[in-house]
Amino acid sequence: MGERIVILGGGIIGLASAFECQRRGHQVTILEKTKCGGQATGAAAGMLAPYSEIGEDPDDFFRLCLESLRLYPKWQQDIKDISKQPFEYTNSGSLHCVYHEADLLALETRQRWQGEFGANAEIIAGDQLRRFENELSEDIIAAMYYPEESHLYAPDYAKALEVACRQLGVKICEELEDVQVNSWKDEIELEAKNGQTWSGDRLVICSGAWSKELEDTFDVSIPVYPIRGQICAYDMPVGKVKHIIYTSQGYLVPKANGTLVNGASEDIAGFQTTVTEKGIQRLTNWNKNVLPYLQNEKPFHTWAGLRPATQDGFPLLGKLTGAPQVIFATGHYRNGILLSPVTGHVVADLIDNKQERTPLGLFHPERF
Ligand code: FAD
Ligand code: GLY
C-alpha cells in the first residue's frame with residue numbers, strides 16, 4: 001500500500017517528484033500557489049548541459065547532474081508515452097567557445113577530467129569550427145564540442161509532465177496562494193489561505209526560490225535566495241544555428257519552433273520577475289562576438305524567472321534528521337530542469353528506503 005505524499009510546490013522539481021512517486025504506487029498531492037510550471041521552470045532555457053555548466057568541479061554535484069542527463073532519454077519518452085503530449089527534446093550537442101589562446105589550457109583541463117566521467121568531448125578549432133557551426137564569429141578560436149549535451153522546450157516539458165502526473169492519478173491543487181505547514185512532527189498538515197487542509201504520511205518541500213520562508217516552521221537555516229535570470233528570444237530560420245552555443249558571457253539555444261533563446265542574466269531583484277533594458281542589452285550587446293549576424297536582429301520576446309540559489313551552490317536534497325517524513329528537494333539554482341529526472345528518482349528512493357544512487361551528503365538539508 002502506497003504512502004500519502006504531499007508536495008509543496010508545482011515547479012519542475014515538484015512535478016518530477018510527484019511523477020516518480022505516483023508511478024511507484026504512492027498517492028501524491030501537489031499544492032501550488034499559482035500555476036504549475038509558472039515560475040522558474042517556465043522561464044528556463046531548457047539546456048541539459050552538465051559539462052558546460054560545471055567546468056571545474058568533479059564532485060558529487062557534477063555526478064548528480066551527469067546521472068540526470070543520462071536518465072533523460074527514457075524519462076522524457078515515459079512522459080510522452082503517458083501524457084500523449086509532444087515536447088521538444090533535441091540532442092543537439094553543444095559548443096563551449098573560447099576567445100584566447102590562454103583559454104585553451106582550461107579547455108584541455110576540462111577535457112581531461114570530464115573524460116574520466118565518460119564525456120565524449122572534442123576540441124574543434126579554426127576553419128573546422130566554422131564549417132561545423134557556420135555563423136560563429138571569427139573571434140572564437142576554439143570550442144569544446146560536447147555531443148551528449150541536449151536541450152528541451154521547458155514550458156512544454158512542464159506541461160506534459162503535469163498531464164502525465166494527472167494521468168497517473170496525482171491530485172494537483174493550484175491557485176492556492178501561500179500554503180502553510182501547520183504541523184509536521186507527528187501529523188503532517190498543510191493549510192491554504194482559504195482554510196482548506198491536507199494531511200499525509202510524507203511532506204516533500206519543492207518550493208524553489210520561496211523555500212527560505214519555511215525556516216521558522218522547521219527551525220532550520222534554509223539559505224535559498226532568488227537570483228533573477230533575464231532572458232530573450234530571436235526569430236531564426238530552423239537550422240541556421242545547430243548547437244547550443246555557450247560562452248563565458250551567455251548562451252544561445254536554437255529551438256525547433258524557429259527561435260533562438262539567449263540567456264541569461266544573474267541579478268538580485270528580490271522576487272521581481274520584471275525585465276530591464278540593461279539586463280537584456282548586456283546579452284544582446286555581447287551576441288555580435290558570438291554570432292555576428294545578430295547585430296542586425298532584435299529579440300522579439302523577453303522574460304525573466306527566479307532561480308532558487310543556495311549559499312554553496314548545491315541543492316537541498318534529503319530527509320530531515322529525526323523527521324524522515326519530511327524531505328527537502330529545493331535549491332536547484334541553474335540546473336533544475338537538468339536535475340528533474342534524478343531528483344524525482346532520489347525523492348522516491350528516499351521514500352522507499354532504497355540505497356542512495358549518488359551520495360547525498362553534500363546536499364544535506366540541514367548543512368547550513
Ligand atoms: P519553481 O519552478 O520556481 O517552482 C517552485 C514552485 O513552488 C512555484 O511554482 C511556486 O509558486 C511554488 N511555491 C512556493 N512557495 C509556495 C507555497 N508556500 N505554497 C504553494 N506553492 C508554493 N535549468 C536548467 O537545468 N537548464 C537551463 O537551461 C536553465 N535555464 C534557466 C534560465 C533562466 C532564465 C532561469 C530563471 C532558470 C533556468 N534554469 C535552468 C533553472 C531552472 O529553471 C530551475 O532550477 C528550476 O526551474 C527550479 O525548479 P523548482 O521546481 O525548484 O522551482
Ligand atoms: N542554466 C542556465 C541558466 O540558469 O541561465
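Residues numbered from 1 in each chain as written. Chains lettered and ligands numbered in written order. Predicted model: local features only at pLDDT ≥ 70, side-chain atom pairs only at ≥ 80, totals over all residues. Heavy atoms only, no water.

1. Things to note about the site of ligand 2
Taken together, Met47, Glu53, Tyr251, Ala264, Arg307 and Arg334 are the residues near ligand 2. Separating an oxygen atom of ligand 2 from a side-chain N or O atom of Arg307 is a distance of 2.7 Å. Between Arg334 and ligand 2, the recorded distance is 2.8 Å, taken from a backbone N or O atom to a nitrogen atom. Expressed as a share of its isolated accessible area of 200 Å², the protein-covered part of ligand 2 is 88%. In the shell around ligand 2, the residues fall into three nonpolar, no polar and three charged. (Near = heavy atom within 4 Å. Polar contact = N/O pair within 3.5 Å; in protein donor to acceptor, adjacent residues only side chain to side chain. Areas by Shrake-Rupley, 256 points an atom, 1.4 Å probe, with all protein chains shown as cover. Nonpolar A, V, L, I, M, F, W, Y, C, P; charged D, E, K, R; others polar.)

2. Quick word on the sheet that holds strand β2 (residues 27–31)
Strand order in the open sheet formed by six strands is β9-β2-β1-β13-β20-β19, and the pairing between neighbours is mixed. The sheet terminates laterally at β9 (171–173) and β19 (316–320), the two strands that pair on one side only. For this sheet, the mean angle separating the axes of adjacent strands, direction not counted, is 15 degrees. Bridge count between β19 and strand β20 (residues 323–330): five bridges; the pairing is antiparallel. In the strand pairing of β20, Lys319 is matched with Ile327. (Pairing = 2+ DSSP bridges. Helix = DSSP H or I, 4+ residues; strand = E, 2+ residues; numbered from the N terminus. Axes fitted to C-alpha atoms, helices over the stretch in contact; angles between N-to-C directions.)

3. Remarks on the site of ligand 1
In the vicinity of ligand 1 lie 39 residues, with Glu32, Thr41, Met47, Tyr333 and Leu338 positioned nearest. The side chain of Thr41 places a nitrogen or oxygen atom 2.6 Å from an oxygen atom of ligand 1. Measuring from an oxygen atom of ligand 1, one finds a backbone N or O atom of Tyr333 at 2.8 Å. Within the residue set of the shell around ligand 1, elements represented by two or more residues are α1 (12–23), α2 (40–43), β14 (224–235), β18 (301–310) and α10 (336–351). Looking at side-chain class alone, the shell around ligand 1 contains 19 nonpolar, 14 polar and six charged residues.

4. Side note on helix α9 (residues 277–286)
Along α9, the residues classified as buried are Gly279, Ile280 and Leu283. Seen end-on, α9 carries its buried residues on one side only, within an arc spanning 90 degrees. α9 presents Glu277 and Lys278 as exposed residues on the side facing more than 90 degrees away from its buried surface. Structurally, α9 contributes buried residues whose contacts are with β14, β17 (259–263) and β18. (Buried < 20%, exposed > 50% of the residue type's maximum accessible area, 1.4 Å probe, protein only. Arc of directions from axis to C-beta. Contact = heavy atoms within 4.5 Å.)

5. Some points on the nonpolar core
Membership of the largest hydrophobic core comes to 62 residues, with the highest contact counts inside it found for Ile79, Tyr157 and Val204. In terms of residues, this core owes the most to one element, helix α4 (residues 60–83), which gives 10 residues. Ignoring anything within four residues of it in the chain, the contact list for Val204 reads Ile5, Val6, Ile7, Leu8, Ile327, Ala329, Val347 and Ile351. (Core = buried A, V, L, I, M, F, W, Y, C linked by side-chain atoms within 4.5 Å.)

6. Quick notes on the packing of α1 against helix α7 (residues 154–168)
Two numbers describe how α1 lies on α7: the axes approach to 9 Å, and their chain directions differ by 30 degrees. Taken as axis vectors, α1 and α7 run roughly parallel relative to one another. Here α1 runs over α7; the crossing is left-handed. Residues Ile12, Leu15, Ala16, Ala18, Phe19, Gln22 and Arg23 of α1 form the contact with α7, whose participating residues are Tyr157, Ala158, Leu161, Glu162, Ala164, Cys165 and Leu168. Taken together, the residues that form the contact of α1 with α7 break down as 11 nonpolar, one polar and two charged. (Parallel < 35°, antiparallel > 145°, perpendicular 65-115°, else oblique. Left-handed = near helix turned anticlockwise from the far one by under 90°.)

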